[in-house]
Amino acid sequence: MSRTLCFETICCENRELKNLSYHEARLNRTRHELWGYSDYWNLSERIVIPDSVDNALYKYRLSYNKEIEAIKWEPYTPRTIQKIRRVYHDTIDYRYKYEDRNELNTLFAQRKDADEILIIKNSLVTDSFYCNVAFYNGNDWFTPRSPLLPGTQRAFLLDSGVIREAEIRESDLREYSKVKLFNAMVGWEDAVELGIESIA
């Protein structure tokens with residue numbers, strides 16, 4: 001699939017869409033910056049939760065460019081992550097949430113016996129395959145200032161003061177004791193939290 005489509009993944013729990021304003025802002029910004037569209041989509045008006053969706057945790061996936069191309073609802077089960085592998089790519093570009101994830105898939109295939117990857121770009125820590133990341137220094141949680149994709153949960157946590165931005169180089173990882181992985185489907189309280197030694 002070419003980079004003609006982008007997508008949003010929105011968490012739905014108890015039949016409530018989470019952080020919808022953040023998804024709406026990113027979607028409209030993407031449509032404007034990538035394709036020049038100036039119309040504004042109000043997602044609360046466009047998304048209809050089907051009767052088959054109960055109070056459990058569901059993932060709503062919306063593929064779009066000029067129009068909505070596809071939608072999908074599916075129950076969500078969090079992944080088990082115990083080990084993270086560092087991988088390296090100095091030119092990877094994922095500023096927008098493209099359907100085309102071939103470069104990321106290639107990096108994920110390098111994880112060997114690990115469950116997840118940590119992508120290093122030009123010596124800077126960015127993201128994992130599916131998640132933004134944050135690191136704990138004993139007092140505060142810091143997220144990389146230059147993620148591959150600024151996530152909606154990341155934006156919410158920054159606005160809430162739960163995490164702060166910092167330039168985090170690969171060589172800085174030893175200064176932290178823990179890492180957390182979070183995304184639109186994984187809130188802060190439920191995010192995977194591991195010791196920094198889990199990063200190989």
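Structure shown above.
Every chain is numbered independently, its residues counted from 1 as its sequence is written. For this predicted model, a pLDDT threshold of at least 70 governs which residues receive local features, and a threshold of 80 or more governs which side-chain atom pairs are given and counted, while totals over whole chains, interfaces and linings are taken from all residues. Remark: hydrogens and water are excluded; side-chain values derive from all non-hydrogen atoms of the structure.

Caption draft 1: Structural detail: the pattern of salt bridges. The term salt bridge refers to a side-chain nitrogen of Lys or Arg lying within 4 Å of a carboxyl oxygen of Asp or Glu. Across all of its chains, the model carries 15 salt bridges by this definition. Across the salt bridge formed by Lys59 and Glu74, the nearest N and O atoms sit 3.3 Å from each other. Pair noted here: Lys59 is in strand β3 (residues 57–64) and Glu74 is in strand β4 (residues 68–75), with a separation of 15 residues, a long-range link. For the salt bridge of Asp93 with Arg95, the shortest nitrogen-to-oxygen distance reads 2.9 Å. In this scheme, a residue with accessible area under 20% of its type's maximum is buried, one over 50% is exposed, and one in between is partly exposed, where area comes from a 1.4 Å probe on protein chains only. Since its relative accessible area comes to 55%, Arg95 is described here as exposed. Within the structure, one salt-bridge network assembled from shared partners comprises Lys59, Lys72 and Glu74. In this description a helix means any DSSP run of H or I spanning at least four residues, a strand means any run of E spanning at least two, and both kinds are numbered starting from the N terminus.

Caption draft 2: Representation of the pairing of strand β7 (residues 124–128). Extensive coverage of β7 is indicated by the burial of five of its five residues. The antiparallel pairing of strand β6 (residues 116–121) with β7 creates a hairpin that spans two residues between the two strands, and Asn122 there sits at a positive phi of about 50°. Between any two strands, pairing holds if DSSP finds at least two bridges.

Caption draft 3: A look at the sheet that holds strand β8 (residues 132–136). What the five strands build is an open sheet, ordered β10-β9-β8-β11-β12; its pairing is mixed. Of all strands in the sheet, those with a lone pairing partner are β10 (164–166) and β12 (192–195), marking the two edges. Strand-to-strand, the axes of this sheet are offset by a mean angle of 35°, without reference to chain direction. Relative to strand β11 (residues 178–182), β8 is paired through five bridges, and the arrangement is antiparallel. An axis is simply a line fitted to the C-alpha atoms; with a helix, the fit covers only the stretch in contact. Between two such axes, the angle follows the N-to-C directions and lies from 0 to 180 degrees.

Caption draft 4: The arrangement of the environment of Asp172 in detail. Assignment of secondary structure puts Asp172 in the loop between β10 and β11. Looking at Asp172, the relative accessible area reads 17%, which means it is buried. Put simply, Asp172 and Arg79 are 93 residues apart on the chain and 27 Å apart in space, counted from C-alpha to C-alpha.

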